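# Observations on the three-dimensional arrangement
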Protein chains: 2
Amino acid sequence: MRVLVTAGGTSERIDDVRGITNFSTGRLGSLIADAYAEKENSDVTYIHGKTAILPKNQNIKKIEIESVDDLLNSLETCLKQTNFDIVVHSMAVSDYYLAGTASQDQVVASLAKASQANLVATDIQLQEALETSFKNASESAGKMSSDLGTVYMQLKQTPKVIGRIKALQPATTLVGFKLLVDVPESELISVATRLMAKNSCDYVLANDKTRISGDQHVGLLLTKDGTYTYFETKRDIAQGIVKETTQGRES
Amino acid sequence: MRVLVTAGGTSERIDDVRGITNFSTGRLGSLIADAYAEKENSDVTYIHGKTAILPKNQNIKKIEIESVDDLLNSLETCLKQTNFDIVVHSMAVSDYYLAGTASQDQVVASLAKASQANLVATDIQLQEALETSFKNASESAGKMSSDLGTVYMQLKQTPKVIGRIKALQPATTLVGFKLLVDVPESELISVATRLMAKNSCDYVLANDKTRISGDQHVGLLLTKDGTYTYFETKRDIAQGIVKETTQGRES
């Protein structure tokens, strides 16, 4: 039984010393990987962020990634090389990457040019002027200066990683994750259900950050037929996911 | 002998699930804290970022911080409560905090308004229009939507933390840190020397990220009289700092 688990958070580099990071300890993902590794004849791969907690089992193959782009490359390589029976995608993936950085002076200079060139600058012209100021600034390397005053960062949406999994391996059992913050349970379930439909997940673990604290971790494991199981600790979630996805499966 | 060590990196919150993070494992800081703790009658406090490596010695008092603001508060509390003989400030502190987030539509709408209201918008008017779009957006909480298209973040400079240390405790021995990326050694020394003068440091550990890899870590410990000692590993840097700062000191 081949299993791929992703865990921890991605980090989008701003420069050599800082980045935009998704907070995730990877603790739940590490427990899931360890729970699969205990099964007979299992072969577990763990793709993880830089500061993620690692699983204890030494037989688990570990792959460290940093950015969403790294994650996509690693995932595609894995899914093209190996047929995985199960993929559990618990990693907190950035929705945005950094397209550019610009000082306030650079942005204002570019906008002023557009404003002077046009009697009344249109939305499109203003948008283009914004884009230009970031394009010019995006070639900075090394370490961003510490005294630029006010700085702007332009972020753009990353491709949705989870959508690639079933596209590359339609036969795998896919467990997606949805984390929201402080929403009613009904909303959590409906958002998780949409994620499941959109990405052909077989299960989605839905959770709310306000109901996670240390090992206490409320999670709802949704199935395709709309039922769900309720868990209250990370350990129970890990065991529950492994039990659900390996039931009746030959090892 | 009372010693305060800061280590790891700060993280400026974007929302409940992501932040702008300074990369720093805290490994060197943890070794420095442990090296002081081995000294007789030492009393070591360790202020550290969320993912920083912790020192091994169980007698060290640990304080976890997240943002630059947290760090300033913790540091001021410590320095007002206790007279430290030595302060080693190795933490990677963010130069910027997040002042606001805005979608492209919000920014363009605000700029268009300024452009329509003025025949040719001046730099000041454009700057104000930019500010307004971020001010309106800064009250978002919870989790930023994942499909805003292009997003802008406005960052502003944080107060310099190192400057507070001697201001609050002029008698302490202060070791500052300067990390640059891929510069000639002469530039590293001159930048570190300026840091020392500006913040009344007694020593500055100057290092270049391109010369750090695992335990190999080239570091120059500069003294006030312009001389320096050269180290090649984290362990040697830690021992060197402790030796220099505790020489001739009663415990």
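This text gives an overview of the structure that appears in the document. The structure displayed is predicted, hence computed values, not measured ones.

### What to know about the packing of helix H1 (residues 27-37) of chain A against helix H7 (residues 234-246) of chain A
All names here are of chain A. Running from amino to carboxyl end, H1 crosses H7 at an angle of 45°, the nearest separation of the two axes being 9 Å. What the angle tells us is that H1 and H7 run oblique. Here H1 runs over H7; the crossing is right-handed. Two secondary-structure elements touch here, H1 through Arg27, Leu28, Leu31, Ile32, Ala35 and Tyr36 and H7 through Lys234, Arg235, Ile237, Ala238, Ile241, Val242, Thr245 and Thr246.

### Quick notes on the relation of the copies chain B and chain A
Superposing chain B onto chain A takes a rotation of 180° combined with a translation of 0.0 Å along the rotation axis, leaving an RMSD of 0.0 Å. Taken together, the rotation and translation describe the operation of a two-fold axis. It is Ile20 of chain B whose C-alpha, among those of chain B, lies nearest the rotation axis, at 2.2 Å. A share of 98% of the interface residues of chain B reappears at the interface of chain A, consistent with the copies meeting face to face through the same patch.

### Observations concerning helix H2 (residues 68-81) of chain B
All names here are of chain B. Counted at 1.5 Å a residue, the expected span for H2 with its 14 residues is 20 Å, and the 20 Å between its end C-alpha atoms agrees. Of the residues making up H2, those classed as buried are Val68, Leu71, Leu72, Ser74, Leu75, Glu76, Cys78 and Leu79. Buried residues along H2 sit against strand S1 (2-7), strand S2 (11-13), strand S4 (43-48), strand S5 (61-64), strand S6 (86-89) and helix H5 (162-168).

### Comments concerning the sheet that holds strand S4 (residues 43-48) of chain A
All names here are of chain A. Taken in spatial order, the 8 strands of this open sheet run S5-S4-S1-S6-S9-S10-S11-S12, and their pairing is mixed. Only two strands of the sheet have a single partner each, and these edge strands are strand S5 (61-64) and strand S12 (228-233). Strand after strand, the sheet turns through a mean of 15° between neighbouring axes, direction not considered. Both strand S11 (residues 216-223) and S12 contribute to a ladder of 5 bridges, which runs antiparallel. Its bridge partner being in S12, Leu222 is matched across the sheet by Tyr228. Taken strand by strand, H7 contacts strand S6 (86-89), strand S9 (173-180), strand S10 (203-213), S11 and S12, and its axis lies near 145° from that of S12.

### Here we look at the packing of aromatic side chains
Counting across every chain of the model gives 2 aromatic pairs over all chains. Seen in terms of ring centroids, Phe134 of chain A and Tyr152 of chain B are 5.3 Å apart; in terms of plane orientation they differ by 40°. Their pairing is tilted. Of the two residues, Phe134 of chain A sits in helix H4 (residues 123-137) while Tyr152 of chain B sits in strand S8 (residues 151-157), which places them in two different chains. Grouping residues by exposure puts Phe134 of chain A and Tyr152 of chain B together as buried. Lying over the aromatic face of Phe23 of chain B, Lys50 of chain A brings its terminal NZ or CZ to 5.1 Å of the ring centre.

### With respect to unusual backbone geometry
All names here are of chain A. Of note in this structure, Ser200 is not a glycine but carries a positive phi near 55°. Tracing the sequence through the fold places Ser200 in the loop between helix H6 (185-198) and S10. On the basis of relative accessibility, which here comes to 41%, the residue Ser200 falls in the partly exposed class.

### Here's the deal with the pattern of salt bridges
Residues and elements named next belong to chain A. In this structure the tally under the stated criterion is 24 salt bridges over all chains. Linking Arg164 and Glu76 is a salt bridge whose minimum nitrogen-to-oxygen distance equals 2.7 Å. In this pair, Arg164 sits in helix H5 (residues 162-168) while Glu76 sits in helix H2 (residues 68-81), placing the two residues 88 residues apart along the sequence. Assessed through its relative accessible area of 32%, Arg164 is described here as partly exposed. A salt bridge links Asp95 to Lys160; the shortest N-O distance between them is 3.7 Å. Of the two residues, Asp95 sits in the loop between S6 and strand S7 (96-103) while Lys160 sits in the loop between strand S8 (151-157) and H5, which places them 65 residues apart along the sequence. For Asp95, a relative accessible area of 13% gives the class buried. Overall, the relative accessible area of 39% leaves Lys160 in the partly exposed class.

Definitions and cut-offs
- Residues numbered from 1 in each chain as written.
- Chains lettered and ligands numbered in written order.
- Predicted model: local features only at pLDDT ≥ 70, side-chain atom pairs only at ≥ 80, totals over all residues.
- Heavy atoms only, no water.
- Axes fitted to C-alpha atoms, helices over the stretch in contact; angles between N-to-C directions.
- Helix = DSSP H or I, 4+ residues; strand = E, 2+ residues; numbered from the N terminus.
- Parallel < 35°, antiparallel > 145°, perpendicular 65-115°, else oblique.
- Left-handed = near helix turned anticlockwise from the far one by under 90°.
- Contact = heavy atoms within 4.5 Å.
- Least-squares fit on C-alpha atoms with pLDDT ≥ 70 in both.
- Expected span 1.5 Å × (residues − 1).
- Buried < 20%, exposed > 50% of the residue type's maximum accessible area, 1.4 Å probe, protein only.
- Pairing = 2+ DSSP bridges.
- Phe/Tyr/Trp six-rings, centres within 6.5 Å; stacked < 30°, edge-to-face > 60°.
- Lys NZ or Arg CZ within 6 Å of the ring centre and 35° of its normal.
- Salt bridge = Lys/Arg side-chain N within 4 Å of Asp/Glu carboxyl O.

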